[in-house]
Amino acid sequence: MLERYVRPMWAFVFRDWHLTRRYISWVFVFVFYAIVNSATIALIGKSQDDFRLTLTLLLGVLLWSFLSAMYNEIANSISYERWEGTLEYTFMAPVSRLIHLSGVSLFAVLFSVVRTAVILAGLVLFIEVSVNGANLLGVLVVLLVGSLAFMGLGLMAAILPVMSPENGAQATNIFQGVLLLVSGIYYPVSVLPAWVQPLAYLSPATYALEASRKLMGINHPGSTPERLAGAPLSAVLPELGILFAMGLVFIPMGLWVFSRAEGWAKRTGKLKRTG
């Protein structure tokens, strides 16, 4: 079992780690930009002297930083392979696509956790907010469960660079932008146009945010700047159930869609193309 499944999966994790190390200067640049961008957004709430708005924006930037980084790592994994010239070798390797994509997804989760922690440390230099009374452990549970659904979305988006070497990577950003718009990251879903609001409930980020805001006690009338009235984990079981169900649906769907796209690319010679 260990030899057949776990070691090949970890091999992909370490391969992606070494690839990241090769371009570590770019990682520093993008993380620095993420810290500055996050601080800029969070300081909007600080400028209004509104601790609820500040917490809402802080939670939004951190949660989106984690989920979007994980989505990007998975969705663009094929683009990275194509740039490195290893795409054909990976698809010809004697491992199942499940093991390959599991390794990619595991690295994406680990990378996103570290990246979000660094961004949080950077935000502390700009904004001081008390989180006493917040259910931070519950928020972590929500993130872990929500990451399953985002893995599935990333797998589905990863087919775009397979199908279009020229424009696939850009198309994954369009998909990500739609998720950012409809999920209410920085505002309630209710402010969206009526025709857009139904799309919000197809995004796992919507439920992750709703649950996290409850656990943080952002909208609870008993919350004060000194102490928040965070809800217990039992209060967000409906959101957790929806997120888990999305993960159960999206991950197998993503694997199936990816396998179909892979077969099509091999038949049409798309793997050979580099641009």
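Keep in mind it's a predicted model, so treat the numbers as computed, not measured.

Cut-offs and rules
Residues numbered from 1 in each chain as written. Predicted model: local features only at pLDDT ≥ 70, side-chain atom pairs only at ≥ 80, totals over all residues. Heavy atoms only, no water. Helix = DSSP H or I, 4+ residues; strand = E, 2+ residues; numbered from the N terminus. Polar contact = N/O pair within 3.5 Å; in protein donor to acceptor, adjacent residues only side chain to side chain. Contact = heavy atoms within 4.5 Å. Salt bridge = Lys/Arg side-chain N within 4 Å of Asp/Glu carboxyl O. Buried < 20%, exposed > 50% of the residue type's maximum accessible area, 1.4 Å probe, protein only. Patch = residues over 30% accessible without salt bridge, like charges linked within 9 Å, V, L, I, M, F, W, Y side chains within 5 Å. Areas by Shrake-Rupley, 256 points an atom, 1.4 Å probe, with all protein chains shown as cover. UniProt positions renumbered as here; feature names shortened; annotations may be inferred. Expected span 1.5 Å × (residues − 1).

A. Quick peek at the environment of Ala 121. By secondary structure assignment, the location of Ala 121 is in helix α6 (residues 97–124). Between the C-alpha atoms of Ala 121 and Ile 35, which are 86 residues apart in sequence, the distance is 8.9 Å.

B. Highlighting the side chain of Arg 97. Along the chain, Arg 97 turns up in helix α6. In terms of polar contacts, Arg 97 uses its side chain to reach the side chain of Glu 262, at 2.8 Å. Residues within four places of Arg 97 in sequence aside, it is in contact with Thr 90, Phe 91, Phe 258 and Glu 262.

C. Local environment of the pattern of salt bridges. Under the definition given, this model contains 3 salt bridges. The salt bridge partner of Asp 16 is Arg 15, with a shortest N-O separation of 3.2 Å. Owing to a relative accessible area of 11%, Asp 16 belongs among the buried residues under this scheme. Its salt-bridge partner being Glu 262, residue Arg 97 comes within 2.8 Å of it at the nearest N-O pair. Here the residue Arg 97 occupies a position in helix α6, and Glu 262 occupies one in helix α12 (residues 237–268), the gap between them amounting to 165 residues. You can call Glu 262 buried: its relative accessible area is 8%.

D. Layout of the side chain of Gln 176. As for its placement among the helices and strands, Gln 176 is situated in helix α9 (residues 168–182). Since its relative accessible area comes to 12%, Gln 176 is described here as buried. If near-sequence neighbours (up to four positions away) are discounted, Gln 176 is found in contact with Trp 64, Ser 68, Tyr 71 and Asn 72.

E. How the structure looks around a nonpolar patch on the surface. The grouping of Trp 10, Phe 14, Trp 17 and Leu 110 at the surface amounts to a nonpolar patch, some 410 Å² of accessible area in total. No other element matches the 3 residues that helix α1 (residues 2–22) contributes to the nonpolar patch. Mapping Trp 10 onto the fold places it in helix α1.

F. A look at the UniProt feature "transmembrane region" (unreviewed entry) in the protein. In this numbering, the UniProt entry assigns the feature "transmembrane region" (unreviewed entry) to residues 23–45, 51–72, 106–127, 139–162, 174–196 and 240–258. Taken end to end, residues 23–45 is 96% helix and 0% strand, and its two terminal C-alpha atoms sit 34 Å from one another. For residues 240–258, helix accounts for 100% and strand for 0%, while the C-alpha atoms at its two ends are 26 Å apart.

G. Quick peek at helix α3 (residues 51–75). For α3, spanning 25 residues, the distance from its first C-alpha to its last is 35 Å, which sits close to the expected 36 Å at 1.5 Å a residue. With 22 of its 25 residues buried, α3 lies for the most part within the structure. In this structure Asp 50 caps α3, since a side-chain oxygen of it lies 3.0 Å from the backbone nitrogen of Arg 52.

H. Focus on α12. With 32 residues, α12 extends 46 Å between its outermost C-alpha atoms, agreeing within 8% with the 46 Å of an ideal straight helix rising 1.5 Å per residue. Of all the residues in α12, the buried ones are Glu 239, Leu 240, Leu 243, Met 246, Gly 247, Phe 250, Gly 254, Val 257, Phe 258, Ala 261, Glu 262 and Ala 265. Tucked inside the fold, the buried residues of α12 contact α4 (77–84), α5 (87–92), α6, α7 (136–157), α8 (159–163) and α11 (204–216). Once α12 ends, the next one or two residues include Gly 269, with phi positive near 80 degrees.

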